[in-house]
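Given next are the chains, with one letter for each unit.
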Amino acid sequence: QVQLVESGGGLVQGGGSLRLSCAASTRVFSYYSLAWFRQAPGKERELVAAIGWSDASTHYGDSVKGRFTITRDNNKNTVYLQMNTLKPEDTAVYYCAAELITNGLPLRENDYTYWGQGTQVTISS
């Protein structure tokens, strides 16, 4: 069982930046693939970014490529999402997700077993 706790959300003006953090309660954090998803009101949850456990490979959703960066610190059991050049359409609840020892880099919501409670990100125009 892994508990994930997100932090760093808030209200930011368009063009600004935020860094989300997700701390995991596990002794084998380095063996988890991790991802950030988001869900805007009235929309389905979508993948924002993912990072693998074995080679730290990364994948980004098309709408955030070049603006967001996912990183992990295995010493701190934490995954980060650096969000730059934020737009009003980035407004959503952002969720951290984790899955143990995956074959490849999971990109679907159903590929992840463990989820955080979410953190609200609101971008004003």
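Structural data are supplied above this passage.
Residues numbered from 1 in each chain as written. Predicted model: local features only at pLDDT ≥ 70, side-chain atom pairs only at ≥ 80, totals over all residues. Heavy atoms only, no water.

Caption draft 1: Expanded view of the packing of aromatic side chains. Tallied over the full model, the rule gives four aromatic pairs. Here the aromatic rings of Phe-37 and Tyr-112 are separated by 5.7 Å at their centres, their planes lie at 75°, and the arrangement is edge-to-face. Note that Phe-37 is positioned in strand β4 (residues 32-39) and Tyr-112 in the loop between β9 (92-100) and β10 (114-115), a separation of 75 residues in sequence. Judged on exposure class, the residue Phe-37 and its partner Tyr-112 are both buried. With centroids separated by 5.0 Å and ring planes inclined at 50°, the aromatic side chains of Phe-37 and Trp-115 adopt a geometry described as tilted. With Phe-37 in strand β4 and Trp-115 in strand β10, this residue pair connects regions lying 78 residues apart in the sequence. Taking relative accessible area as the criterion, Trp-115 reaches 25% and is therefore assigned partly exposed. (Phe/Tyr/Trp six-rings, centres within 6.5 Å; stacked < 30°, edge-to-face > 60°. Helix = DSSP H or I, 4+ residues; strand = E, 2+ residues; numbered from the N terminus. Buried < 20%, exposed > 50% of the residue type's maximum accessible area, 1.4 Å probe, protein only.)

Caption draft 2: Quick peek at the pairing of strand β11 (residues 119-124). Where burial is concerned, the two faces of β11 differ: the one with Thr-119, Val-121 and Ile-123 is buried and the one with Gln-120, Thr-122 and Ser-124 is not. In this sheet, β11 lies alongside strand β2 (residues 10-13) in parallel orientation, the contact comprising four bridges. Within β11, the residue paired with Leu-11 across the bridge is Thr-122. Across three bridges, β9 lies against β11 in antiparallel orientation. By the bridge assignment, Ala-92 is partnered in β11 with Val-121. (Pairing = 2+ DSSP bridges.)

Caption draft 3: Region of the structure containing the pattern of salt bridges. For the coordinates displayed, the defined rule picks out six salt bridges. Residue Arg-38 is joined to Glu-46 by a salt bridge in which the shortest nitrogen-to-oxygen separation is 2.6 Å. Linking Asp-90 and Arg-38 is a salt bridge whose minimum nitrogen-to-oxygen distance equals 2.9 Å. One end of the pair, Asp-90, is in the loop between β8 (78-83) and β9; the other, Arg-38, is in strand β4, with 52 residues separating them in the sequence. Across this residue pair, the class does not change: Asp-90 and Arg-38 are buried. Via salt bridges that share partners, Arg-38, Glu-46, Arg-67 and Asp-90 belong to a single interconnected network. (Salt bridge = Lys/Arg side-chain N within 4 Å of Asp/Glu carboxyl O.)

Caption draft 4: Representation of the sheet that holds strand β1 (residues 4-7) within the structure. The four strands are arranged β1-β3-β8-β7 in an open sheet whose pairing can be described as antiparallel. Two strands close off the open sheet at either side, each with one partner strand: β1 and β7 (68-73). Neighbour-to-neighbour, the strand axes of the sheet open up by a mean angle of 15°, direction not taken into account. Two strands pair when backbone bridges link them, and β1 and strand β3 (residues 18-24) are joined in this way by four bridges, in the antiparallel orientation. For Ser-7, the partnering residue across the bridge sits in β3 and is Ser-21. (Axes fitted to C-alpha atoms, helices over the stretch in contact; angles between N-to-C directions.)

Caption draft 5: Region of the structure containing the state of the cysteines. Tallied over the full model, the rule gives one disulfide. Here Cys-22 pairs with Cys-96 through a disulfide, and the sulfurs are 2.2 Å apart. Across the disulfide from Cys-22 to Cys-96, rotation about the S-S bond amounts to roughly -80°, and the bridge is consequently left-handed. Placement of Cys-22 in strand β3 and of Cys-96 in strand β9 is noted, with a sequence separation of 74 residues between them. (Disulfide = S-S within 2.5 Å.)

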